[in-house]
Amino acid sequence: MKNNIIIALDGHSSCGKSTLAKSLAKALNYTYVDTGAMYRAVTLYLIQQDISVTDVEQVKAVLGDISIHFERIEGKNTTFLNGVNVEEEIRKMYVSDLVSPVATIPAVRRKLVQQQQEMGKNKGIVMDGRDIGTVVFPAAELKIFLTASAEERANRRYKELLEKGQEVSYEAILKNLQDRDRIDSTRADSPLKKAKDAIIIDNTLLSRDEQLVYTLKLAQQTIVKSQNDLSS
Ligand code: DC
């Protein structure tokens, strides 16, 4: 019988977590969940409703009106906010600029973490984010902590946004990444930190393929180990 595990993939902003998570999920026939998209969707909702991201009471008051789900469209993981496809909108810089403060609000985190735990209850999932190995699934069978230099991450993101036709400056992207790293790592509730049992991968000098081959091997070893543990 196929044995499913949970793969928790955490790390800094724009270090290729979602690319790796998607490839791993595809290779293992697992479900991929992009938890950053959920924080982005909440942020987009607040912007649309003209609610300040620092007005915690107002944010709390509207949380019940926000419903987020994912669908696969043309083979792509697609984020929906209250039934509307927002996949493209949530990646824009005006959302990136406000998402980290939103992710510091404990009520927002409680709501999203609960939904994420529900999504992973049958395992067979690759989930990427900042607190997956520490808070969402502290017992995940495989935890990976991905990082790369800030300059390399900004460079990759710059190229990606240019290809999408968005007008951006490298300096603005680098600043956004550094600001997000700082806010994500220093917030009081579930800061970004490596779980004690996570495997660190610095992919500054790794190609996508090299990174996939390495992590797929880790995943396959972990699946076999967890099968053996179950049958012993
Ligand atoms: O992965 P991303 O860049 O799309 O995430 C957007 C923001 O959401 C990021 O700045 C931190 C926050 N986030 C979080 O706090 N916890 C998660 N599990 C995922 C994202």
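Below you will find a few notes about this structure. Quantities reported herein were computed from a predicted structural model and do not represent experimental measurements.

1. So, the sheet that holds strand E5 (residues 84–85)
One open sheet accounts for three strands, arranged E3-E4-E5; its pairing is antiparallel. Edge positions in the sheet fall to strand E3 (68–73) and E5, since each has one partner strand and no second. Relative to strand E4 (residues 76–81), E3 runs antiparallel, the two being bridged by six bridges. Among the inter-strand pairings, Ile 73 is bridged to a residue of E4, identified as Lys 76. Running over the sheet, helix H2 (residues 35–48) touches E3 and E4 and is turned about 35° from E4.

2. Things to note about the packing of helix H4 (residues 93–102) against helix H8 (residues 170–186)
Two quantities define a packed helix pair, namely the angle between the helix axes and the distance between the axes. For the pair H4 and H8, the least separation of the axes is 8 Å and the interaxial angle reads 20°. Compared by their axis directions, H4 and H8 come out roughly parallel. Between H4 and H8 lies a crossing of left-handed hand. Where H4 approaches H8, its residues Met 93, Ser 96, Asp 97, Val 99, Ser 100 and Pro 101 are matched on the opposing element by Ala 172, Ile 173, Asn 176, Arg 180, Ile 183 and Asp 184. Partitioned by chemical class, the residues of the contact of H4 with H8 number six nonpolar, three polar and three charged.

3. Quick word on the pairing of strand E1 (residues 6–11)
Most of E1 sits out of view: six of its six residues are buried. Of the two faces of E1, both are covered, the one formed by Ile 6, Ala 8 and Asp 10 as well as the one formed by Ile 7, Leu 9 and Gly 11. Pairing analysis gives five bridges linking E1 to strand E6 (residues 125–129), with the strands arranged parallel. When the bridges of E6 are listed, Ile 7 appears paired with Val 126.

4. What to know about the nonpolar core
Core analysis: the largest hydrophobic core is formed by 37 residues, its most contacted members being Val 42, Leu 46 and Val 108. Listed by contribution, the elements that provide at least two residues to this core are E1, H2, helix H3 (56–62), E3, H4, helix H5 (106–119), E6 and helix H6 (132–136). The dominant element in this core, judged by the number of residues it contributes, is H2, at eight residues. With 21 residues, the next largest nonpolar core counts Ala 25, Leu 142, Leu 218 and Ile 223 among its residues.

5. Some points on the environment of Asp 10
The residue Asp 10 is located in strand E1 in this model. Along the primary structure Asp 10 and Ala 21 are separated by 11 residues, whereas in three dimensions their C-alpha atoms are 10.0 Å apart. Ignoring any residue separated from it by four or fewer positions in sequence, one finds Asp 10 in contact with Lys 17, Gly 129, Arg 130, Asp 131, Ile 132, Gly 133, Thr 134, Ile 144, Phe 145 and Leu 146. Within the structure, the side chain of Asp 10 is placed 3.1 Å from the backbone nitrogen of Asp 131, a separation counted as a polar contact.

About the cut-offs
Residues numbered from 1 in each chain as written. Predicted model: local features only at pLDDT ≥ 70, side-chain atom pairs only at ≥ 80, totals over all residues. Heavy atoms only, no water. Pairing = 2+ DSSP bridges. Helix = DSSP H or I, 4+ residues; strand = E, 2+ residues; numbered from the N terminus. Contact = heavy atoms within 4.5 Å. Axes fitted to C-alpha atoms, helices over the stretch in contact; angles between N-to-C directions. Parallel < 35°, antiparallel > 145°, perpendicular 65-115°, else oblique. Left-handed = near helix turned anticlockwise from the far one by under 90°. Nonpolar A, V, L, I, M, F, W, Y, C, P; charged D, E, K, R; others polar. Buried < 20%, exposed > 50% of the residue type's maximum accessible area, 1.4 Å probe, protein only. Core = buried A, V, L, I, M, F, W, Y, C linked by side-chain atoms within 4.5 Å. Polar contact = N/O pair within 3.5 Å; in protein donor to acceptor, adjacent residues only side chain to side chain.

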